[in-house]
Structure formats: structure tokens, C-alpha cells
Amino acid sequence: MLAHILDPAHKTRGFWGWLDENLEKPFLFVGLLAIIFIITWQTLSRYILAKLTGSASAGAWSEELARFIFIWISYLAIPLAIKNRENIRVDILFDRLSERWQGIFWIVNDLCFLVLAVAVTFLGADKLRILTDYPQIAPGLNISYAIPYAILPIGFALMCLRLGQDIYQQYQKTGLNDSLLAVLITAVLFTPVLIGVKFSAPALLFGYFLVFIAIGVPIGISLGLAALVTVTVSGTLPVAYIAQTAFTSIDSFPIMAIPFFIAAGIFMGAGGLSTRLLNLADELLGPLPGGMALATIATCMFFAAISGSGPATVAAIGSLTIPAMIERGYDKFFSCAVVAAAGAIGVMIPPSNPFVIYGVAAQASIGNLFIAGIVPGLLTGLVLMGFSYVYSKKKGWMGEEKDRSIKSVFKAFWNAKLALMVPVIVLGGIYGGLMTPTEAAAVAAFYGLIVGLFVYKGLNRQNLVKTFMDVCSTSAIVIILMAMAKVFGNVMTIEQIPTAIANFILGLTNSKIVILLLINVLLLFIGTFMEALAAIVILVPILLPIVLKVGVDPIHFGIIMVVNLAIGFVTPPVGVNLFVAAGVARVKLGDISKQIVPILALMILVLLAITYIPAISLCLIDG
């Protein structure tokens, strides 16, 4: 039965084929389900069960157990992501290569990743040996730390296996000569280190990082590998620190909110949630000029409060609304542009994974970031709706004529009631003082799972495991990015690079207005080619000290940063939302890019207002 659920075609593959396909899946499925249940139970027991039974709430062991399982499934999901070729990378140069050179550099990228994976495997094994010889006890579970730390040699060894498979598969396509050329290129990359050429630590750190991301190495791996090279050559830190930080940097309760919010969005989306939200928005806004466009934007704003992801919002809503808008006479490029822009609101309106990551990186209140993002997100949505109304009226795109009544609106609202409850659970739980953001995320994921399985019934035996794997691989890519960014950031801090950059900029000007303008320009540029989550973990340690010195509130700066990078989702040439919308409508990216220009200009005006009027972000936060 389990084999059939994991892989219905297992009988045709044989045992080894089935094992190759499903090696990680049982552990990931059980692990994700376990941490959702553990944290939900911990939260409920603190209030409901304690009152009913009079017993104490869950002890510290439950949170510790959930954290350790979370670390295990995060690193076990990376091999699955490698197998499926999923990762966060900068593809600007890579995509412009010929098919032959793409194949060569794919092997180069895998070999670079393999260097880091082999290093952490051996360093992790050495750390495990030390913990075995000199035991340290986890206080909550009263077990040796050797047990959770075992994931380092196990997880990274499995990454080595999957990378070896991927290299072999690419070798079969690329051929022997080009594969040897890839090995030679990789050797040349590391030659300065091998022959002992002397560089300063900052030159090594940033030089190798820029080279790695330029050739398409995943950003998280580029960060970790650049840090590994730097500490190996310069001795800035002990090399063993890499493995230690790979564990401790994600042994964090707040970071666990990331897979939970991703799970809530995927679970609810799989159950037909987007259709119900769209029907409600169409009932409310459909009669107006551009009614379908307005309904699309409103639906994206609702969905944003569940998924917390821009591309996920575009994929879920765009697949429904773009064909519907085209059918009703809207220009297809306008339809794509509106959905792509509205999808960017997904990272502004809470819950938002970029806010979680910024909060962890800046040590700022995630709850305050959530509430500070509400007004900017709504403002952006209203501006997009105003533009769509005026533009549609000018083009003669009127709303659909059909019978609408209080009864039909109430029916649509009733059908969408379970979806609308998710923001209430998350935000109400956090601001009512009942739950932390991580606990609220776990409860939302549990709620989404129950609704998807038993109410909407979009989750079933055919797609349940795939849905869980999507959650694990998506979140794990972010988690390894954060882990490696922590190593990279600590090397920067020791070398006092953020301080040097801050002093340089403040030496040019101490004007708060000019500094924020320069940072906005930088972030808008970075957002055109780098994924928002990667940009946050890399840039927060550099930019935060600068803005703090000119008196910018860290919560306000978090909003500025996330809105900037949200605009990057729709900024040509590599805005990811534009790619998703173009894929849904099967149109050229260049045609959408022309249509997005006026929308982009309006979003930048909103950004400037948010930047220079702090009250827009901070008005809902109690002083």
C-alpha cells in the first residue's frame, strides 16, 4: 500500500528503481506530518487541553523534538531537490549559453556543489565523533546531541549520492570530452586555492561568491562554498565551524515557520481554494469596469494572506483568471501583467516568508513585521485596482453582466468561509497573544491539511505525498540558503566588512533621504536578477547597520526591503512572476514586459511613499 501511494508505477521499476525514486520520501512525509502535529498539539495543549484536563501544557521536549525533526527533514529534502533539479540560482548568464555550454556548466555546478557536500560530510562525521566521545545532552529530550547531529554526515552524504547521479546523467547527454572539459574548468576555479595564491579574506569571499553565482551555482551553495574557501585559505575561522553552523543556524523555532506557512498555502491551494476566493471577489467587484481584473487583484490579496509567496499566487490565481480575462475580451498581455503585479503582493500581506527571514536575520519581531506589512500590501493592491479600473474603462472592458444579489454574495462568501479563516487564525492567534508566529503557522498548516483532506477533498491518495514533497523541497531550498548565509555572514562580520561598507557610505553622505534612495536603487537592481529570500539573507547584515545609524526603524526597513524585492518579481528581464504569467498564457515575456511598465512605475511610487512616510508601515504597531 505504501509503495503504491509513494510511486504508483513501482512494479515496472523494480526494487532498486523504486528505492531510487522514493529513498527520501517516507522520512520527509512522516517528519513533516510529525512537526505539524507536535507544534499544533503543543499550542492547543497550552490552552484547551490544560483547561479541560487540568494538566500542564506540553513540556520543552516537544519544541526540541520538533526542531530536531525539522533539521533532519530539511537536509534530507535537499537530495530530493537535487534529483528534481530544483534550487534558487541566478540564471542570467547561464540561460544565454548555447545548449552545449549549458550542459558543460551544469556539470561544473554539480561538481562545485559536490565539493561543499563532501567537505560537510567529513566535517559532520568528525563533529559526530567528538559528540560520541564527549557526550552533550539535549535538555528537553535528555538525549545525546550526537543523534540530531547525525543528519550532517547522513544528509550531506546523500547529497553526494544524488549529485553523483545527476553528474552521470548529464555526462550521458554531454559526452566524454565535454564532461572532461567541465572537470578542467572546475579544477581551474579552485587552482588559486590549491597553489596557495594569497588573497585577502574579503577578496576571496566576494570574489568566489560572484564567480559561483555567475556560472549558475545555487545561491545557497555559492555562499557556503565561498565561505569554505575563505576560512580554508585565510584561517578566519576553524574549518569545522562550517559543519557546526550548518546545524546551529537552523536549530531555531522561528525559522520553523517557513515550512509551516508553505504547507498551509500548498494544502489550501490543492483543495480548490483559489476558485472559491475568485468567485467571491467576482461577486463583489465583477459589475465594475475591469471587473475581472479587479476580482483578480482582490483574489491575489486574499490568497497572499495564505500562501505568502508571489510566484505561488500567480500560478494559483493566474491559471484561472488569465484565460477568463482573455475570454471576456481583455488584452492578454494586460491580463498577464495584472496577475504578475498582483502576485507580488503575496510577500507584503502577512503571513510572508520574506518577513520571517528578515525577522530572523535582523533579530526583529516577526509579529510586528507581519502587522507592518498590512497597510503597504493593501495600498499596493488598491493602486493596482485603481489603475486597472481606469485602464479598463478607457479600453471599454466592462464587467460581466449576470444576476448578482445579496443572496449570491452571501453564498459565495459562505463557500469561501474556510479559506477566509486562515488569515484570522494566523493574525488573530499572533496579535491576540495566543500563539507565536511559528505556532500560528503550524496550526494554519494543520487546518489546511484537515480542510484539504476532508472538506475540499482536493488532497487525496493520488496527490498527498507529492504535495508533502513539494512543501519539503520548497522549504529546504530556503533553509540551506539561510544556513550557508549564516556562515557567510559570520565571516563578513569577523572581517568587519559590513562596518567598512557602512563607514564608506556614511562617509559619502549622512543624509537619511539620500541613503534610503541609494538603498532603494540597489535593491531594485538586485531584485531584477536575485530571488527575494536570497537577497534578504545576503544584504541584511550589510544594509541594516547603515540604516540604523541614520535612525531608520528596523521594522520600517524590513518593509522597505520586502516591498523593493517584491517589485523585483515583476521587473524585466528576469522577474519570476512575469515568467510564471507568460507560461500560463503562453506568450512572449517581452510583450508582457512592455505592458508592465506603467504598473511598475506606480509600484515604485508606492515604494517611495512607504520609504519616506514611515507611518504607512508603522501606523498599526502600538508605540
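Residues numbered from 1 in each chain as written. Predicted model: local features only at pLDDT ≥ 70, side-chain atom pairs only at ≥ 80, totals over all residues. Heavy atoms only, no water.

To keep things clear, this is the line we draw: UniProt positions are given in the numbering used here, feature names are shortened, and annotations may be inferred rather than shown by experiment.
Looking up the protein chain in an unreviewed UniProt entry gives the name C4-dicarboxylate ABC transporter substrate-binding protein, with the organism given as Desulfoplanes formicivorans. The record in UniProt for the protein chain states the following under Subcellular location (unreviewed entry): "Cell inner membrane".

## Side note on the overall build of the protein chain
Note the following rule: Helix numbers and strand numbers start at the N terminus; a helix is a DSSP run of H or I with at least 4 residues, a strand a run of E with at least 2. For the radius of gyration, the atoms used are the C-alpha atoms, and the globule rule reads 2.2 Å times the number of residues raised to 0.38. Exposure is judged per residue with a 1.4 Å probe applied to protein chains only, and the accessible area is read against the type maximum: over 50% gives exposed, under 20% gives buried, and values in between give partly exposed. For every accessible area listed, the method is Shrake-Rupley and the probe measures 1.4 Å; residues are considered covered only by the protein chains on display.
What the protein chain contains, in helices and strands, is 30 helices and two strands. What you see for the protein chain is a C-alpha radius of gyration of 25 Å, in line with the 25 Å of a compact globule of 623 residues. A principal-axis box enclosing the C-alpha atoms of the protein chain has dimensions of 75 × 65 × 55 Å. When burial is assessed residue by residue, the protein chain has 55% of its 623 residues classed as buried. By element, 67% of the accessible surface of the protein chain is carried by carbon and sulfur atoms, the whole surface being about 25100 Å².

## Some words on the side chain of glutamine 595
As a reminder, the rule being used: Any two residues whose heavy atoms approach within 4.5 Å at even a single point are treated as in contact.
With respect to the element layout, glutamine 595 can be found in helix 29 (residues 589–612). Glutamine 595 has contacts with Asp331, Phe333, Phe334, Ala337 and Tyr391, leaving out every residue within four places of it along the chain.

## A few points about the state of the cysteines
For the record, the criterion: The definition used for a disulfide is geometric: two cysteine sulfur atoms within 2.5 Å.
In this structure the tally under the stated criterion is zero disulfides. Of all cysteine sulfurs in the structure, the one in cysteine 160 sits closest to cysteine 112, which takes part in no disulfide; the separation is 14 Å.

## Some details on unusual backbone geometry
Phi is positive for glutamine 363, which is not a glycine, with a value near 55°. A relative accessible area of 76% places glutamine 363 in the exposed class. For glutamine 496, which is not a glycine, the phi torsion comes out positive at approximately 60°. With respect to the element layout, glutamine 496 can be found in the loop between helix 23 (464–494) and helix 24 (497–508). For glutamine 496, a relative accessible area of 53% puts it in the exposed group.

## Section: the domain arrangement of the protein chain
Rules: Domain boundaries shown here were taken from an automatic or database domain assignment. For salt bridges, the criterion is a side-chain nitrogen of Lys or Arg within 4 Å of an Asp or Glu carboxyl oxygen. Any residue outside Ala, Val, Leu, Ile, Met, Phe, Trp, Tyr, Cys, Pro, Asp, Glu, Lys and Arg is labelled polar, Gly included; the first ten of those are nonpolar and the last four are charged.
On domain assignment, one finds that the protein chain holds domain 1 (23–251) and domain 2 (256–459 + 496–619). Relative to domain 2, the C-alpha centre of domain 1 lies at a distance of 29 Å. Applying the counting rule to domain 1 against domain 2 returns zero salt bridges. Put simply, the parts of the chain that give the side of domain 1 that touches domain 2 at least two residues each are helix 3 (25–53), helix 4 (60–83), helix 9 (201–214) and helix 10 (219–234). A total of ten residues in the side of domain 1 that touches domain 2 trace back to one element, the largest contributor, which is helix 3. Its residues placed into classes, the side of domain 1 that touches domain 2 shows 18 nonpolar, three polar and two charged.

## So, the packing of helix 12 (residues 257–270) against helix 23
Going by this rule: Lines fitted to C-alpha atoms define the axes, with helix axes restricted to the stretch in contact, and inter-axis angles between N-to-C directions lie between 0 and 180 degrees. In what follows, roughly perpendicular refers to angles from 65 to 115 degrees, roughly parallel to angles under 35, roughly antiparallel to angles over 145, and oblique to any angle outside these ranges. Note: crossing handedness is left-handed where the near helix turns anticlockwise from the far helix by less than a right angle, and right-handed where it turns clockwise.
Their axes nearest at 9 Å, the elements helix 12 and helix 23 cross at an angle of 150°. Classified by the angle between their axes, helix 12 and helix 23 sit roughly antiparallel to one another. Helix 12 and helix 23 meet at a crossing whose hand is right-handed. Residue-level inspection shows Ile258, Pro259, Ile262, Ala263, Ile266 and Phe267 of helix 12 in contact with helix 23, the latter providing Thr467, Phe468, Asp470, Val471, Thr474, Ser475, Val478, Ile479 and Met482.

## Details of the nonpolar core
Heads up, the condition is: We define a nonpolar core as any set of buried Ala, Val, Leu, Ile, Met, Phe, Trp, Tyr and Cys residues linked to one another through side-chain atoms lying within 4.5 Å.
Core analysis: the largest hydrophobic core is formed by 225 residues, its most contacted members being Tyr75, Ile219 and Tyr358. Sort the elements by how many residues they give to this core and helix 23 lands first, with 19 residues. Lining this core are residues from two domains, each supplying at least three of them: domain 1 (23–251) and domain 2 (256–459 + 496–619). In contact with tyrosine 358, other than residues within four places in its own chain, are Gln363, Ala364, Leu369, Ile536, Val540, Leu544, Pro554, Phe557, Gly558 and Met561.

## Let's talk about the packing of aromatic side chains
Where two aromatic rings form a pair, the distance of their centres and the angle of their planes describe that pair. The following threshold applies: Only Phe, Tyr and Trp rings are paired, with Trp represented by its six-membered ring, and only when their centres lie within 6.5 Å; those with planes under 30 degrees apart are stacked, over 60 edge-to-face, the remainder tilted.
This structure, assessed with the given rule, holds 25 aromatic pairs. Between phenylalanine 190 and tyrosine 208 the ring centres are 6.4 Å apart and the planes differ by 20°, which places this aromatic pair in the stacked class. Here the residue phenylalanine 190 occupies a position in helix 8 (residues 176–194), and tyrosine 208 occupies one in helix 9, the gap between them amounting to 18 residues. As far as burial versus exposure is concerned, phenylalanine 190 and tyrosine 208 are alike and both buried. Note on phenylalanine 267 and phenylalanine 468: the rings are 5.3 Å apart at their centroids and 35° apart in plane angle, and the pair reads as tilted. One end of the pair, phenylalanine 267, is in helix 12; the other, phenylalanine 468, is in helix 23, with 201 residues separating them in the sequence. One exposure class covers both phenylalanine 267 and phenylalanine 468, and it is buried.

## Some details on the packing of helix 5 (residues 99–133) against helix 10
Running from N to C, helix 5 and helix 10 cross one another at 65°; their axes reach a closest spacing of 10 Å. You can see that helix 5 and helix 10 cross each other, and the crossing is left-handed. Contacts between helix 5 and helix 10 involve Cys112, Phe113, Val115, Leu116 and Ala119 from the first element and Ile221, Gly224, Leu225 and Leu228 from the second. Here the contact of helix 5 with helix 10 is composed, by residue class, of eight nonpolar, one polar and no charged.

## Observations concerning helix 21 (residues 417–431)
The criterion, for reference: By this rule, a helix spans an expected 1.5 Å times one less than how many residues it contains.
Across its 15 residues, helix 21 extends 21 Å between first and last C-alpha, which sits within 8% of the 21 Å expected from 1.5 Å per residue. Two residues or fewer after helix 21 comes glycine 433, characterised by a positive phi angle close to 75°.

## Thoughts on the environment of valine 115
Locating valine 115 in the fold gives a position in helix 5. Along the chain, valine 115 and glutamate 63 lie 52 residues apart, while their C-alpha atoms are 34 Å from each other. Aside from chain neighbours lying at most four places away, what touches valine 115 is Phe190 and Leu225.

## Regarding the side chain of asparagine 520
The residue asparagine 520 is located in helix 25 (residues 512–527) in this model. Contacts of asparagine 520, omitting those with residues within four sequence positions, involve Ile560, Asn564, Leu607, Leu608 and Thr611.

## Quick look at the environment of alanine 440
Secondary-structure assignment places alanine 440 in helix 22 (residues 437–455). With 35 residues separating them in the primary sequence, alanine 440 and serine 405 have C-alpha atoms 36 Å apart. In this structure alanine 440 touches Val426, Ile430 and Met435, once residues within four positions along its chain are discounted.

## Comments concerning the pattern of salt bridges
With the rule as written, the count across this model stands at ten salt bridges. In this structure, arginine 100 and aspartate 178 form a salt bridge, with 2.9 Å as the shortest nitrogen-oxygen distance. Linking arginine 100 in helix 5 with aspartate 178 in helix 8, this pair joins segments that are 78 residues apart in sequence. Of the residues examined, arginine 100 reaches a relative accessible area of 44% and is grouped as partly exposed. Among the ionic pairs, arginine 129 bridges to aspartate 133, the shortest N-O distance being 3.5 Å. Pair noted here: arginine 129 and aspartate 133 are both in helix 5, with a separation of four residues, about one helical turn.

## Some details on helix 10
Taking 1.5 Å per residue, 16 residues should reach 22 Å; helix 10 reaches 22 Å between its end C-alpha atoms and fits that length. Buried residues dominate helix 10, accounting for 13 of its 16 residues. Just downstream of helix 10 lies glycine 235, where phi reads positive at about 70°.

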